[in-house]
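Structural features, examined
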Amino acid sequence: MKAKNPKESHTIMNELVLPNDTNTLNNLMGGRLLHWMDIAAAISAQKHCNRIVVTASVDNVSFKHSIKLGDVVTIEAKVTRAFTTSVEVRLDVWAENIPSGTKLKSNEAYYTFVAVDQSGRTIPVPALEPETEEDKMLYAGALRRRQLRLILGGKMKPDDATELKALFFAEQKD
């Protein structure tokens, strides 16, 4: 299976915030944004895997700025690392008010997807070869983020998280 680079999975999705997408304060509902983010991340993961993918996890999503009625939401997604049968996808969310010309970063998050066959069984995914310095930084951090996800999900013992332990022990030496 031929390795791919992050730019091959790069996905940009735009949505216009309409009244049906908002709460009583005319802000975009968080659940609607999470739905859009899941779609953008899934498209990115599918581009990398060339397979059906299913959402395995969503990391902590914090809302830095509210998104208003009439704003254009731009979601950028790309695969940051591939594991045996899964990929991590980073998302950056921007809210743009076109009449005022303002654009603010609203959110960032990491989603994990697992590639599956037609029967729903997991299947191997192509490796990822980072190219840019940013790609390399995101790639390196992905293993620590994965170990944290596995610990929080009860699928890994903290003592087995060698990358996380190295990070904490390295900080104590400074």
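**A closer look at the side chain of Arg149**
With respect to the secondary-structure elements, Arg149 resides in helix α2 (residues 133–152). Within the local environment of Arg149, its side chain forms a polar contact with the side chain of Asp59, the two groups lying 2.7 Å apart. Side chain to side chain, Arg149 and Glu88 meet in a polar contact 2.5 Å long. Contact partners of Arg149, with chain neighbours within four places excluded, come to Ser57, Asp59, Glu88, Tyr110 and Thr112.

**Focus: α2**
Helical geometry: 3.6 residues make up each α-helical turn, so side chains three or four residues apart lie on a common side. Over its 20 residues, α2 extends 29 Å from the first C-alpha to the last, a length consistent with the 28 Å expected when each residue adds 1.5 Å. Taken as a whole, α2 carries its principal kink of about 30° at Ala142. All buried positions along α2 are accounted for by Asp135, Leu138, Gly141, Ala142, Arg145, Gln147 and Arg149. One or two positions beyond α2, positive phi appears at Gly154, with a value near 75°.

**With respect to the pattern of salt bridges**
Per the stated rule, a full pass over the model turns up 14 salt bridges. One salt bridge in this structure joins Asp21 and Arg32, with 2.8 Å as the shortest N-O distance. Residue Asp21 is located in the loop between β1 (11–16) and α1 (30–49), and its partner Arg32 is located in helix α1; the two are separated by 11 residues in the primary sequence. Its relative accessible area of 8% is what places Asp21 among the buried residues. Overall, Arg32 belongs to the partly exposed group, its relative accessible area being 25%. One salt bridge in this structure joins Asp92 and Lys105, with 2.8 Å as the shortest N-O distance. Of this pair, Asp92 sits in strand β4 (residues 86–97) while Lys105 sits in strand β5 (residues 102–116), placing them 13 residues apart in sequence. Judged by relative accessible area, Lys105 falls into the partly exposed class, the value being 23%. Within this structure, Lys64, Arg90, Asp92, Lys105 and Glu108 form a network of salt bridges that share partners.

**Brief notes about the packing of aromatic side chains**
Tallying each qualifying case throughout the model produces one aromatic pair. Ring plane angle 15° and centroid distance 6.4 Å describe the contact between Tyr111 and Phe113, whose orientation is recorded as stacked. We note that Tyr111, like Phe113, is buried. For Arg145, the ring lying beneath its charged end belongs to Tyr110, and the centroid distance is 4.0 Å.

**Quick word on the nonpolar core**
In this structure, Leu33, Met37, Val73, Ile75, Val87 and Phe113 are the most contacted members of the largest nonpolar core, which totals 31 residues. Counting residues per element, the ones that place at least two in this core are α1, β3 (72–82), β4 and β5. In this structure Phe113 touches Asp38, Ala41, Ala42, Ala45, Val53, Val54, Thr55, Ala56, Thr85, Ser86, Val87 and Val89, once residues within four positions along its chain are discounted.

About the criteria used
- Residues numbered from 1 in each chain as written.
- Predicted model: local features only at pLDDT ≥ 70, side-chain atom pairs only at ≥ 80, totals over all residues.
- Heavy atoms only, no water.
- Helix = DSSP H or I, 4+ residues; strand = E, 2+ residues; numbered from the N terminus.
- Polar contact = N/O pair within 3.5 Å; in protein donor to acceptor, adjacent residues only side chain to side chain.
- Contact = heavy atoms within 4.5 Å.
- Expected span 1.5 Å × (residues − 1).
- Bend = angle between axes of the 7 residues up to and from the residue.
- Buried < 20%, exposed > 50% of the residue type's maximum accessible area, 1.4 Å probe, protein only.
- Salt bridge = Lys/Arg side-chain N within 4 Å of Asp/Glu carboxyl O.
- Phe/Tyr/Trp six-rings, centres within 6.5 Å; stacked < 30°, edge-to-face > 60°.
- Lys NZ or Arg CZ within 6 Å of the ring centre and 35° of its normal.
- Core = buried A, V, L, I, M, F, W, Y, C linked by side-chain atoms within 4.5 Å.

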